[in-house]
Amino acid sequence: MAKAKTPGGRRTTGTKTAAAAQGAATVAVDAPAPKKKTSIPQFISEVRAEARKITWPSRKETWITSVMVFIMVLIAAAFFWIVDTGLGFASRIILSLGQ
């Protein structure tokens with residue numbers, strides 16, 4: 001497990017001085033600042049601003065991607081049909097040996 005880096009960017013060694021150990025023991029952690037409440041109109045305006053940043057694909061890109069997905073589904077269906085048929089045939093052979 002990697003050691004955490006110090007603010008200076010250098011890794012610390014495993015030894016601490018007595019003053020550093022005592023200083024670490026007396027440091028108090030401040031409570032996080034309370035989050036600012038967002039009003040509904042402000043939230044809606046922020047959502048609209050983020051929605052304007054979206055880059056939508058063109059109709060051609062959507063069509064090409066849909067065709068590619070359909071082709072991959074057909075290939076996967078054919079693969080699993082072949083594997084299923086092969087395993088079914090093999091299990092029938094193995095079970096017929098036991099009769």
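Values in this document were obtained by computation on a predicted structure and should not be read as measured data. Counting of residues starts from 1 at the beginning of each chain's written sequence and follows it residue by residue. Where totals are concerned, whole chains, interfaces and linings use all residues; where local detail is concerned, this predicted model gives features only for residues with pLDDT of at least 70, and gives and counts side-chain atom pairs only at 80 or more. As a rule here, side-chain values cover all heavy atoms of the structure and leave hydrogens and water aside.

Enquirer: How do you make sense of the overall build of the protein when you look at a structure like this?
Expert: Within the protein one finds 3 helices and 0 strands. What counts as a helix is a DSSP run of H or I of at least four residues, what counts as a strand is a run of E of at least two, and both are numbered from the N terminus. From first element to last, N terminus to C terminus, the protein shows the α and β order α-α-α. Per-residue burial over the protein gives 0% buried out of 99 residues. Note on areas: these come from Shrake-Rupley sampling with a 1.4 Å probe, and a residue is covered only by the protein chains present in the view. Total accessible area on the protein stands at roughly 10,000 Å², and carbon and sulfur atoms take up 68% of it. Residue exposure (1.4 Å probe, protein chains only): buried if accessible area is under 20% of the type maximum, exposed if over 50%, otherwise partly exposed.

Enquirer: Just checking my understanding: could you explain the pattern of salt bridges for this structure?
Expert: Pairing is possible between side chains of opposite charge, provided their charged atoms come close. The rule for a salt bridge is simple: a side-chain nitrogen of Lys or Arg has to be within 4 Å of a carboxyl oxygen of Asp or Glu. One pass over the full model with this rule turns up 1 salt bridge. We note a salt bridge from E50 to K53, for which the minimum N-O separation is 3.2 Å. Look at E50 and you get partly exposed, because its relative accessible area is 47%.

Enquirer: What am I meant to see in the UniProt feature "transmembrane region" (unreviewed entry) in the protein here?
Expert: Using the residue numbers shown here, the UniProt feature "transmembrane region" (unreviewed entry) corresponds to residues 62–83. Helix makes up 100% of residues 62–83 and strand makes up 0%, while its end C-alpha atoms are separated by 32 Å. UniProt positions are given in the numbering used here, feature names are shortened, and annotations may be inferred rather than shown by experiment.

Enquirer: Teacher, can you tell me more about the packing of aromatic side chains here?
Expert: Here a ring pair, both rings aromatic, is described through the centre-centre distance and the interplanar angle of the planes. Two aromatic rings from Phe, Tyr or Trp, using only the six-membered ring of Trp, form a pair when their centres are within 6.5 Å; if the ring planes differ by under 30 degrees the pair is stacked, by over 60 it is edge-to-face, and anything between is tilted. A complete count under the given rule lists 1 aromatic pair for this structure. Seen from their ring centres, F79 and F80 are 5.2 Å apart, and the 70 degrees between their planes marks the pair as edge-to-face. Among the residues examined, F80 registers a relative accessible area of 53% and is labelled exposed.

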